[in-house]
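A closer look at the structure
So the chains spell out like this:
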Amino acid sequence: MHLMKNHEQYARCLVLAGGGFRFGYYLGVHAALAEQDRAPDVLLATCGGAIAAAIIAGAPDARTRFDWAASPAMYRFLCAVQSTPHATPLRTVAGAARRWLRRTPAPRIPDLFRDYLFELPATLPLPPQPAAGAPALAIVGARLLFGPGDVGAARADRPLFAQTVFCPARLLDGRAAPAADPRWSAGAVAPHLEVDSTAPLHDAVRISVADMFYFASHACQGRHYSGGVIDLFPLELAHHLARDVIMERKMPFNPWLAAPALRAVFGIDGAARLRHVHGLHADAWVDTRDMAQALRGHGIGKRIDWRRNRIGLAAPASHAAYAAQVRAQWDYGYRKGMAAMADAQA
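Heads up: these notes are all about the structure in this document. Counting of residues starts from 1 at the beginning of each chain's written sequence and follows it residue by residue. In keeping with the predicted nature of the model, local features appear solely for residues at pLDDT of at least 70, side-chain atom pairs appear and are counted solely at 80 or more, and the whole-chain, interface and lining totals rest on all residues. Where side-chain values are given, they derive from all heavy atoms of the structure, hydrogens and water being excluded.

1. As for the packing of helix α1 (residues 24-35) against helix α2 (residues 48-58)
Packed helix pairs are specified by the crossing angle of their axes together with the interaxial distance, meaning the distance between the axes. For every element, the axis is a line fit to its C-alpha atoms; helices are fit only across the contacting stretch, and the angle between N-to-C directions ranges from 0 to 180 degrees. A run of DSSP states H or I qualifies as a helix once it reaches four residues; a run of E qualifies as a strand once it reaches two. Both are numbered from the N-terminal end. In the contact formed by α1 and α2, the axes pass within 8 Å of each other and the chain directions differ by 45°. The orientation of α1 relative to α2 falls into the category oblique. In the packing of α1 onto α2, the handedness of the crossing is right-handed. In this structure, α1 uses Y26, L27 and H30 to contact α2, whose residues at the interface are G49, A52, I55 and I56. Here is the rule for angles: anything less than 35 degrees is roughly parallel, anything more than 145 is roughly antiparallel, 65 through 115 is roughly perpendicular, and the remaining ranges are oblique. Definitions for this section: a left-handed crossing has its near helix turned counterclockwise from the far helix by less than a right angle. A right-handed crossing has that turn clockwise. Whether two residues are in contact is decided by their heavy atoms: any pair within 4.5 Å suffices.

2. Examining the pairing of strand β9 (residues 223-226)
Two strands pair when backbone bridges link them, and strand β5 (residues 136-144) and β9 are joined in this way by two bridges, in the antiparallel orientation. By the bridge assignment for β9, A142 is matched with S226. Between any two strands, at least two bridges found by DSSP are needed for them to pair. Note: strand β8 (residues 218-220) against β9, three bridges, orientation antiparallel. Bridge pairing in β9 links H218 to Y225. If you look at the hairpin formed by β8 and β9, you'll find two residues sitting between the two strands, and Q221 has a positive phi there, around 55°.

3. Quick word on the pattern of salt bridges
Salt bridges are counted wherever a side-chain nitrogen of Lys or Arg sits within 4 Å of a carboxyl oxygen of Asp or Glu. Summed over the entire model, instances satisfying the criterion amount to twelve salt bridges. Measuring nitrogen to oxygen at the nearest pair gives 3.1 Å for the salt bridge that ties D115 to R91. On the criterion of sequence distance, the pair formed by D115 in the loop between α5 (89-101) and β4 (118-119) and R91 in helix α5 is long-range, its members being 24 residues apart. When its relative accessible area of 24% is taken as the criterion, D115 is described as partly exposed. For R273, the salt bridge goes to D231, with nearest N and O atoms at 3.1 Å. With a gap of 42 residues between them, R273 in helix α9 (residues 270-278) and D231 in the loop between β9 and α7 (235-241) connect regions that are remote in the sequence. Burial classification: accessible surface area is computed with a 1.4 Å probe over protein chains only, and a residue below 20% of its type maximum counts as buried, one above 50% as exposed, and the rest as partly exposed. Overall, the relative accessible area of 3% leaves R273 in the buried class.

4. Points about helix α4 (residues 72-79)
Those residues of α4 lying buried are M74, Y75, F77 and L78. For α4, the buried positions fall inside an angular range of 160° around the axis, keeping them on one side. Structurally, α4 contributes buried residues whose contacts are with α2, α3 (62-69) and α11 (319-345). An arc is given here, and it is the one of the directions from the helix axis to the C-beta atoms.

5. Thoughts on the packing of aromatic side chains
What counts as a ring pair is set by centres within 6.5 Å for rings of Phe, Tyr and Trp (its six-membered ring), and what kind of pair is set by the plane angle: stacked under 30 degrees, edge-to-face over 60, tilted for all other angles. Scanning the entire structure with this criterion turns up 14 aromatic pairs. Judged by centre distance (6.3 Å) and plane angle (50°), the rings of F118 and F215 are tilted. Here F215 lies in the loop between α6 (201-208) and β8 and F118 lies in strand β4, a separation of 97 residues in the sequence. Judged on exposure class, the residue F118 and its partner F215 are both buried. With a centroid separation of 5.7 Å and 65° between ring planes, the pair formed by F233 and F253 is classed as edge-to-face. In this pair, F233 is assigned in the loop between β9 and α7 and F253 in the loop between β10 (242-249) and α8 (258-266), connecting sequence segments 20 residues apart. In terms of burial, F233 and F253 fall into one category: buried. Ring-pair connections join several aromatic residues into one group, and the members of that group are F21, F118, Y214 and F215. We count a charge as sitting over a ring when the NZ of a lysine or the CZ of an arginine lies within 6 Å of the ring centre and within 35 degrees of the ring normal. A cation sits over an aromatic face here: R99 above F213, 3.9 Å from the ring centre. Directly above the ring of W285 sits R249, whose terminal nitrogen or CZ lies 4.1 Å from the centroid.

6. Quick look at the environment of F233
Overall, the relative accessible area of 3% leaves F233 in the buried class. The contacts of F233, once residues within four sequence positions are left out, are M247, K250, F253, R273, L274 and V277.

7. Some details on the pairing of strand β1 (residues 10-17)
Every other side chain in a regular strand lies on the same face of the sheet, so the side chains alternate between the two faces. Extensive coverage of β1 is indicated by the burial of six of its eight residues. The pairing of β1 with β10 spans four bridges and is classified as parallel. Its bridge partner being in β10, C13 is matched across the sheet by V245. Bridge count for β1 against strand β2 (residues 42-46) is five bridges, and the pairing is parallel. Residue pairing for β2: L14 is matched across the bridge by L43. When the strands point away from the viewer and the path from the first strand over the helix to the second turns clockwise, the crossover is right-handed. Assessed by its sense of winding, the connection that carries the chain from β1 through α1 to β2 is right-handed.

Keep in mind that these numbers describe shape and distance, not what the molecule does.
Put into structure tokens, the structure is as follows:
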């Protein structure tokens, strides 16, 4: 399926669709595109991809970007992520089981203010500002349409979220929110996309990584936001932004954890959304469906500390080990980016 283009668009958009704390692979993808003279002039990012987007825009070349992602400051940031009192194994498993058993999409207003597993440090170690000639950034988040006093109430037909893109581009003004499409959405997402050109980049990135149940919602300019997980595959928005679009073929949602969480909070059928996106047109597809296997052991996982009765993040034991993980991620992304360019030119 091809979408309409217009002359005001950017030339090329790379969609950075999630990735969590394995965001280093996007730096490799970008390096491969640049090597093939296909560097994007706009990055559309969600979740962990927003960290990579900020690094790509803020550092002038591939080597500097890698060094930033693998830096001691980034390692200290990841090591400083702390478990909350909610992160007990029994409570976490029970919550996941309830969401899996409950098939009703977004039946009640979720507690995205207090019910989360991990506390992020206050400051993300990002470059201070975009470099000269940097690509434009568009970062996905979800504005909360409810407050702490609404938590636990029945949703009925009330929309709870507004899909939001933090970007300066007017190309997205007045667009429908892809996350609200009734083919996969049960009405918990408002129908119109919101565009915010005033939020600081640090806040936009922090908002996008704030996945429900993992991290708290983020307050910015008097409003509260949750993460870019509201739409991990914003391919339609990429087509509005740019004439050419490069997108990932993503692995399916975990049917026991991620898919039920998405349904419970946002009222979205993630499998239906992903199937639809994979049926759309992209000028090049970066196939990362094997990432869980290919990067096994090369990312920040979860671990159970039985003595403390806590689930925590399993950061590498040293900065050198962390840098080796980022190198493995970068190499994987570079290989995938080069393969995508070869397939697109075949």
